[in-house]
Amino acid sequence: MEDLKDVIAKNLVELRTNAKLTQLQLAEMLNYSDKAVSKWERGEAIPDIRVLTKIAEIYGVTLDDIVSGENLAAPVPPKKRVNGKHIFITTLAAVLVWFIATGIFMIFYFIDPTEKYSYLVFVVAPLPTSIVLLVFSALWGNRLTNAISSSLIVWSCALIFHIFVETFTPEFIKIYFIYIIAAVLEILVILWFTYRWYVSKHGALLKNFHRKRGE
């Protein structure tokens, strides 16, 4: 018979994986560290009854499901609550990008050779801002925020290319092609995240179906 720690550890890993949560996301829901979650999932420690009850509520299962050795049904993925701290940190990071951009603009503005081009700093700024948003979205967001951040990167690159070409090579008249390329990339972004959504939604159902057939 499997040890209770091993049973609970195996079930916690399965539940979290099915719910598409990271150890850090679960830890924040429980107000614990991700190191504690890692120890539970490795079978090095067992959460107390209060924490196990909270975990069961998050995953929509019973306490018996977690402590038993039987196969778990695929749980309903928990809704991720909006975390004010995460929004504040993400906003602060985005504002910091523009603060740095303003500083660089001021430096270029007061140098004669670069004064006329100093405004380009603010043309470039949306790209690092989009990258920052994508990084924090990957940590704390969801597929929708990831898709939006990815789209912002695509269109920021198109805008930068357009303005730089018009500024330094105005004779190039076919710049509109960059937006055709951006549109194609945008379609690929939409298709990719749609595919990820489809797999996450139907993959769990197929996995549960095959599990039941094997019982």
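See the structure above.
What counts and how
Residues numbered from 1 in each chain as written. Predicted model: local features only at pLDDT ≥ 70, side-chain atom pairs only at ≥ 80, totals over all residues. Heavy atoms only, no water. Helix = DSSP H or I, 4+ residues; strand = E, 2+ residues; numbered from the N terminus. Buried < 20%, exposed > 50% of the residue type's maximum accessible area, 1.4 Å probe, protein only. Contact = heavy atoms within 4.5 Å. Areas by Shrake-Rupley, 256 points an atom, 1.4 Å probe, with all protein chains shown as cover. Axes fitted to C-alpha atoms, helices over the stretch in contact; angles between N-to-C directions. Parallel < 35°, antiparallel > 145°, perpendicular 65-115°, else oblique. Left-handed = near helix turned anticlockwise from the far one by under 90°. Nonpolar A, V, L, I, M, F, W, Y, C, P; charged D, E, K, R; others polar. Phe/Tyr/Trp six-rings, centres within 6.5 Å; stacked < 30°, edge-to-face > 60°. Salt bridge = Lys/Arg side-chain N within 4 Å of Asp/Glu carboxyl O.

## A few points about the overall build of the protein
On a plain count of helices and strands, the protein comes out with 10 helices and zero strands. The order of helices and strands in the protein, counted from the N terminus, is α-α-α-α-α-α-α-α-α-α. Across the 215 residues that make up the protein, the buried fraction comes to 34%. For the protein, contacts bridging at least 24 residues in sequence account for 64% of all contacts bridging at least 6. Total accessible area on the protein stands at roughly 13900 Å², and carbon and sulfur atoms take up 69% of it.

## With respect to the packing of helix 6 (residues 84-109) against helix 8 (residues 126-140)
The interhelical angle for the contact between helix 6 and helix 8, taken along N-to-C directions, is 160°, at an axis separation of 9 Å. Here helix 6 is positioned roughly antiparallel relative to helix 8, judged by the angle of their axes. Considering how the two elements wind past one another, helix 6 and helix 8 form a crossing that is right-handed. Seen from helix 6, the contacting residues are H86, I89, T90, A93, A94, V97 and W98; seen from helix 8, they are P126, P128, T129, V132, L133, F136 and W140. Looking at the contact of helix 6 with helix 8, its residues break down into 11 nonpolar, three polar and no charged.

## Section: the packing of aromatic side chains
Counting across every chain of the model gives 11 aromatic pairs. With a centroid separation of 6.2 Å and 10° between ring planes, the pair formed by W98 and F122 is classed as stacked. With W98 in helix 6 and F122 in helix 7 (residues 120-124), this pair connects stretches of sequence that are 24 residues apart. Clustering of aromatic rings is evident, with ring pairs tying together W98, F105, Y109, F110 and F122.

## Here's the deal with the pattern of salt bridges
In this structure the tally under the stated criterion is two salt bridges. Here R16 ties to E41 by a salt bridge, and the two come within 2.5 Å at their closest N and O atoms. On the criterion of sequence distance, the pair formed by R16 in helix 1 (residues 4-18) and E41 in helix 3 (residues 34-42) is long-range, its members being 25 residues apart. With a relative accessible area of 12%, R16 lands in the buried category. Residue E41 is classed as buried on the basis of its relative accessible area, which comes to 12%. For R42, the salt bridge is made with E44, and the minimal N-O distance between the two is 2.9 Å.

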